[in-house]
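So you can see what is in the structure, the chains are spelled out below.
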Amino acid sequence: KRLNEKLRDSNVRTKLEGLKQLIAMMSTGRDVSHFFPSVVVNIVTDSFEVKALVYMFLVRTAEQKPDEALLSINSFQKDLAHQNARVRAAALRVMSSIRVKVIVPV
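Residues numbered from 1 in each chain as written. Predicted model: local features only at pLDDT ≥ 70, side-chain atom pairs only at ≥ 80, totals over all residues. Heavy atoms only, no water.

Chemist: Explain the packing of aromatic side chains to me, using residue names and the numbers behind them.
Modeler: All told, the structure shown has 1 aromatic pair when counted by the stated rule. Relative to Phe-57, the ring of Phe-36 lies with its centre 5.9 Å away and its plane at 50°, an arrangement referred to as tilted. Taken together, the residues span a long stretch of sequence, with Phe-36 in helix 3 (residues 36–40) and Phe-57 in helix 4 (residues 48–61) at a distance of 21 residues. On the accessibility criterion, Phe-57 (0% relative accessible area) is buried. Against the face of Phe-48 rests Arg-86, its NZ or CZ located 4.0 Å from the ring centre. (Phe/Tyr/Trp six-rings, centres within 6.5 Å; stacked < 30°, edge-to-face > 60°. Helix = DSSP H or I, 4+ residues; strand = E, 2+ residues; numbered from the N terminus. Buried < 20%, exposed > 50% of the residue type's maximum accessible area, 1.4 Å probe, protein only. Lys NZ or Arg CZ within 6 Å of the ring centre and 35° of its normal.)

Chemist: Please give an account of helix 6 (residues 85–97) that cites residues and values.
Modeler: An ideal rise of 1.5 Å per residue puts 18 Å on 13 residues; helix 6 measures up with 18 Å between its terminal C-alpha atoms. The backbone nitrogen of Arg-86 has a side-chain oxygen 2.8 Å away, supplied by the residue at the start of helix 6, namely Asn-84. (Expected span 1.5 Å × (residues − 1). Polar contact = N/O pair within 3.5 Å; in protein donor to acceptor, adjacent residues only side chain to side chain.)

Chemist: Would you mind going over the nonpolar core in detail, with residue names and values included?
Modeler: Of all hydrophobic cores here, the largest spans 29 residues; its most connected members are Leu-22, Phe-35, Val-39, Phe-57, Leu-58 and Phe-76. Setting aside residues no more than four positions away along its own chain, Phe-76 makes contact with Ile-43, Tyr-55, Leu-58, Ala-91, Val-94, Met-95 and Ile-98. (Core = buried A, V, L, I, M, F, W, Y, C linked by side-chain atoms within 4.5 Å. Contact = heavy atoms within 4.5 Å.)

Chemist: Tell me about the environment of Arg-60, residues and numbers included.
Modeler: You can see Arg-60 is positioned in helix 4. For Arg-60, a relative accessible area of 54% gives the class exposed. Along the chain, Arg-60 and Ser-33 lie 27 residues apart, while their C-alpha atoms are 9.1 Å from each other.

In C-alpha coordinates, the structure reads:
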(Lines give C-alpha, C1' and ligand atoms only; values in the text may rest on other atoms or scores of the structure.)
Protein backbone atom coordinates (compact mmCIF):
# COMPACT_ATOMS: atom_id res chain seq x y z
CA LYS A 1 0.00 0.00 0.00
CA ARG A 2 1.00 3.58 -0.51
CA LEU A 3 1.93 5.55 2.59
CA ASN A 4 -1.08 7.86 2.38
CA GLU A 5 -3.39 4.85 2.24
CA LYS A 6 -1.68 3.29 5.26
CA LEU A 7 -2.14 6.46 7.27
CA ARG A 8 -5.86 6.56 6.48
CA ASP A 9 -6.46 2.82 6.93
CA SER A 10 -8.95 1.71 9.59
CA ASN A 11 -6.62 -1.03 10.85
CA VAL A 12 -4.44 0.17 13.76
CA ARG A 13 -1.50 -2.04 12.76
CA THR A 14 -1.52 -0.62 9.24
CA LYS A 15 -1.64 2.94 10.61
CA LEU A 16 1.28 2.17 12.92
CA GLU A 17 3.26 0.78 10.02
CA GLY A 18 2.58 3.93 7.98
CA LEU A 19 3.44 6.25 10.86
CA LYS A 20 6.69 4.40 11.53
CA GLN A 21 7.61 4.76 7.85
CA LEU A 22 6.81 8.45 8.04
CA ILE A 23 8.92 8.99 11.17
CA ALA A 24 11.79 7.13 9.50
CA MET A 25 11.50 9.45 6.49
CA MET A 26 11.55 12.45 8.82
CA SER A 27 14.70 11.21 10.53
CA THR A 28 16.50 11.13 7.18
CA GLY A 29 15.61 14.77 6.59
CA ARG A 30 12.87 14.32 4.00
CA ASP A 31 10.05 16.83 3.85
CA VAL A 32 6.94 14.97 4.99
CA SER A 33 4.77 18.01 5.74
CA HIS A 34 2.46 17.19 2.80
CA PHE A 35 1.26 14.16 4.84
CA PHE A 36 -0.02 16.48 7.59
CA PRO A 37 -3.77 16.05 6.85
CA SER A 38 -3.45 12.26 6.67
CA VAL A 39 -1.63 12.16 9.99
CA VAL A 40 -3.80 14.62 11.93
CA VAL A 41 -6.96 12.57 11.40
CA ASN A 42 -5.29 9.83 13.46
CA ILE A 43 -5.08 11.98 16.57
CA VAL A 44 -8.54 10.77 17.54
CA THR A 45 -7.69 7.16 18.33
CA ASP A 46 -7.75 4.80 21.28
CA SER A 47 -4.28 3.46 20.47
CA PHE A 48 -1.62 5.16 22.57
CA GLU A 49 1.10 4.06 20.14
CA VAL A 50 -0.64 5.72 17.20
CA LYS A 51 -1.32 8.84 19.26
CA ALA A 52 2.34 9.05 20.37
CA LEU A 53 3.62 8.83 16.78
CA VAL A 54 1.08 11.42 15.62
CA TYR A 55 2.22 13.73 18.41
CA MET A 56 5.85 13.23 17.41
CA PHE A 57 5.01 14.10 13.81
CA LEU A 58 3.04 17.19 14.82
CA VAL A 59 5.80 18.62 16.97
CA ARG A 60 8.26 18.29 14.09
CA THR A 61 6.03 19.65 11.32
CA ALA A 62 3.74 22.20 13.00
CA GLU A 63 6.00 25.13 12.10
CA GLN A 64 5.71 24.28 8.40
CA LYS A 65 1.90 23.97 8.56
CA PRO A 66 0.75 26.42 11.28
CA ASP A 67 -2.86 26.66 10.09
CA GLU A 68 -3.31 22.90 10.06
CA ALA A 69 -1.57 22.63 13.44
CA LEU A 70 -4.09 25.07 14.86
CA LEU A 71 -6.90 22.74 13.81
CA SER A 72 -5.41 19.92 15.90
CA ILE A 73 -5.32 21.95 19.13
CA ASN A 74 -8.88 21.01 20.04
CA SER A 75 -7.87 17.35 20.10
CA PHE A 76 -4.90 18.11 22.36
CA GLN A 77 -7.15 19.97 24.74
CA LYS A 78 -9.52 17.00 24.90
CA ASP A 79 -6.57 14.71 25.59
CA LEU A 80 -5.57 16.91 28.53
CA ALA A 81 -8.70 15.59 30.26
CA HIS A 82 -8.19 11.95 29.17
CA GLN A 83 -8.54 9.24 31.83
CA ASN A 84 -5.10 7.80 30.99
CA ALA A 85 -2.26 9.77 32.62
CA ARG A 86 0.15 8.86 29.80
CA VAL A 87 -2.19 10.42 27.24
CA ARG A 88 -2.58 13.57 29.37
CA ALA A 89 1.19 13.86 29.79
CA ALA A 90 1.83 13.36 26.07
CA ALA A 91 -0.77 15.98 25.14
CA LEU A 92 0.74 18.49 27.56
CA ARG A 93 4.24 17.79 26.26
CA VAL A 94 3.13 18.33 22.66
CA MET A 95 1.17 21.50 23.44
CA SER A 96 4.23 22.97 25.16
CA SER A 97 6.59 21.85 22.37
CA ILE A 98 4.76 23.20 19.33
CA ARG A 99 6.45 26.40 18.20
CA VAL A 100 3.68 28.20 16.34
CA LYS A 101 2.84 31.81 17.22
CA VAL A 102 -0.88 31.36 16.65
CA ILE A 103 -1.03 28.55 19.23
CA VAL A 104 0.91 30.29 22.02
CA PRO A 105 -2.15 32.13 23.44
CA VAL A 106 -4.12 28.85 23.63
